[in-house]
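Report on the structure
One-letter residues, chain by chain:
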Amino acid sequence: MTPKRRKQNTANAAWGGRFAAGPAAVMQQINASLEVDKRLYAQDIAGSLAHCAMLVRKRIISRSDGNAIARGLGRIRREIESGIFPFRIEHEDIHLNIEARLSEVIGKAAGRLHTARSRNDQVATDFKLWVRDAIATMDRQIAALQGALITQAERHAATVMPGFTHLQVGQPVTFGHHLLAYVEMLGRDRGRLADCSKRLNESPLGSGALAGTSFPIDRAMTAKAMGFDRPTANSLDAVSDRDFALEFLSAVAIAGVHLSRFAEEIIIWVSEPFRFIKLSDAYTTGSSMMPQKRNPDAAELVRAKAGRLIGTLTGLLAVMKGLPLAYAKDMQEDKPPVFDAVDTMTLCLAAVTGMVQDMKPDKASMKKVAMSGFSTATDLADWLVRKIGMPFREAHHVTGALVARAEALNCMLSELSIEEMRKIEKRITPSIFKVLTVEQSVESRTSFGGTAPVNVARAATAARKRFLGKVK
């Protein structure tokens, strides 16, 4: 009796030989990642070209096959970039789509490209290359935002505004000083991204599925060709590591929190009780019912998207937390959060940079609020220490009593008469009034990193050189 012929699995030539039939439709759907990882096409082709050149150099494949593979990969890249590449869901992902198309383009020689390589080390390599490229792009975007903030800080080095703690008026500062605080935050964000880029810059290619390969490959050659510092030291770690993605998402989430804090300030500043700044129609919307409204929707959406960025980090941490070595299909879920984080942050950075360039401070409103809340009380206490020699704690107590007296008389500290002041501290002289204006307060804060306008102007110049590598 002639045995029944096994049904050929035509769904996937890369692994179909082990299987008698193709996957169920739902299996094909849940297993495929093509719609997500299409983004990796350039990195996949770059990695394949480096691998191919190494295989030729090491005489693992012939030069003629290598040349055919290189030509075919070049054609495929042009097809993808021109939008005519025939993507097929049955090939699961970008890697197998490119491999299948290469077979169509150059024939049998395409099958030699995967010698001494697994999809495990291929995917890890592609993903690292993509994240490295994303970091470089994001760094430029953050630098542009820093530049916009520095420009506004230079214009408003002496523009007085209230400084808050607990959202209560604390001491006068300058608007330029306030903006430069975010320049520093963003500088740390760039530093974290740079650290991430440096740490991820080891090539997994050549690690195989998990144990390396018996072919005499040159991993240092492929690492150098792709701009990596070195090959990874352990094949198990190389294919299972997603620390670089987690670290990237952590850095992006922290940067997103910084953008959210700034967006919250913009929302406060444009509100009617504050009126510190104005935004044009370009970054606000109206109300469907209330015709007078101008809503800071761009800032509100940036504030909201910080939650989304935090979620990408939390989601990938949850995916990775229980995985034994080496690779598991769970790790296919590594790319959606990273891609989403990059898209979200790209949009947020563009929006915040636009708002910074667009906003126009209302100096009168800022100064009015800066003068409220007895904001120069600390200056009064410092005067008591300097001029009378009073211990600061005693000066703090005396100043508190003077504030209470001004509050009872419904006036500012500068409006208290010298007689009223001397009822509380008889050694006070009229020279005290010189320190009770908001302008004098900010001008006196000359300590390094302080808000004095002369400091702010110097700090803006230094920040431009330190973060942007240039002087205006």
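For the structure itself, look to the data block above.
The shown structure was predicted, so the numbers you read here are calculated from the model rather than taken from an experiment.

**Quick look at unusual backbone geometry**
Omega for the bond connecting leucine 325 with alanine 326 falls within 30 degrees of zero, at 5°, which places this linkage in the cis form. As for its placement among the helices and strands, alanine 326 is situated in the loop between helix H11 (297-320) and helix H12 (335-358). With phi around 75°, glutamate 92 is a residue other than glycine that occupies positive phi space. Mapping glutamate 92 onto the fold places it in the loop between helix H4 (63-82) and helix H5 (94-106). With a relative accessible area of 5%, glutamate 92 lands in the buried category. One non-glycine residue with positive phi stands out, namely alanine 116, at about 65°. Considering the arrangement of structural elements, one finds alanine 116 in the loop between H5 and helix H6 (119-155). For alanine 116, a relative accessible area of 10% puts it in the buried group.

**Quick notes on the packing of aromatic side chains**
Per the stated rule, a full pass over the model turns up 9 aromatic pairs. Positioned over the ring face of phenylalanine 87 is lysine 38, at 4.6 Å from the centre of the ring.

**Let's talk about the pairing of strand E1 (residues 160-165)**
In the case of a regular strand, side chains alternate between the two sheet surfaces. With 6 bridges joining them, E1 and strand E2 (residues 168-174) adopt antiparallel strand pairing. Each bridged residue has a counterpart across the sheet, and for valine 160 the counterpart in E2 is threonine 174.

**Re the side chain of histidine 178**
One can find histidine 178 in helix H7 (residues 175-200). Residue histidine 178 is classed as buried on the basis of its relative accessible area, which comes to 16%. Polar side-chain contacts of histidine 178 include one of 2.7 Å to the side chain of glutamate 265. If near-sequence neighbours (up to four positions away) are discounted, histidine 178 is found in contact with Met161, Glu265 and Trp269.

**Observations regarding the nonpolar core**
Core analysis: the biggest nonpolar cluster contains 92 residues, and Phe248 and Phe262 have the highest contact counts within it. Apart from residues no more than four positions distant in its own chain, phenylalanine 248 is found in contact with Val131, Ala134, Ile135, Met138, Leu193, Cys196, Val338 and Val342. Residues Ala377, Leu380, Val403 and Ile418 belong to the second largest nonpolar core, which totals 21 residues.

**Comments concerning empty space enclosed by the protein**
Summary: where empty space remains is shown by rolling a probe the size of a single water molecule over the atoms. Following the criterion strictly, the structure yields 1 cavity of 30 Å³ or more and no others. Put simply, the largest cavity is a space of about 30 Å³. Surrounding the largest cavity, Leu145, Leu149, Tyr182, Leu186, His258, Leu259, Phe262 and Val352 form its lining. Tallying contributions element by element places helix H10 (residues 243-270) first for the lining of the largest cavity, with 3 residues. Within the lining of the largest cavity, the residues separate by chemical class into 7 nonpolar, 1 polar and no charged.

Definitions and cut-offs
Residues numbered from 1 in each chain as written. Predicted model: local features only at pLDDT ≥ 70, side-chain atom pairs only at ≥ 80, totals over all residues. Heavy atoms only, no water. Helix = DSSP H or I, 4+ residues; strand = E, 2+ residues; numbered from the N terminus. Buried < 20%, exposed > 50% of the residue type's maximum accessible area, 1.4 Å probe, protein only. Phe/Tyr/Trp six-rings, centres within 6.5 Å; stacked < 30°, edge-to-face > 60°. Lys NZ or Arg CZ within 6 Å of the ring centre and 35° of its normal. Pairing = 2+ DSSP bridges. Polar contact = N/O pair within 3.5 Å; in protein donor to acceptor, adjacent residues only side chain to side chain. Contact = heavy atoms within 4.5 Å. Core = buried A, V, L, I, M, F, W, Y, C linked by side-chain atoms within 4.5 Å. 1 Å grid on protein atoms, 1.4 Å probe; cavity = no way out; pocket = protein on both sides within 12 Å on 5 of 7 lines; lining within 4 Å. Points joined across faces, edges and corners; volume = space filled by probe spheres on them. Nonpolar A, V, L, I, M, F, W, Y, C, P; charged D, E, K, R; others polar.

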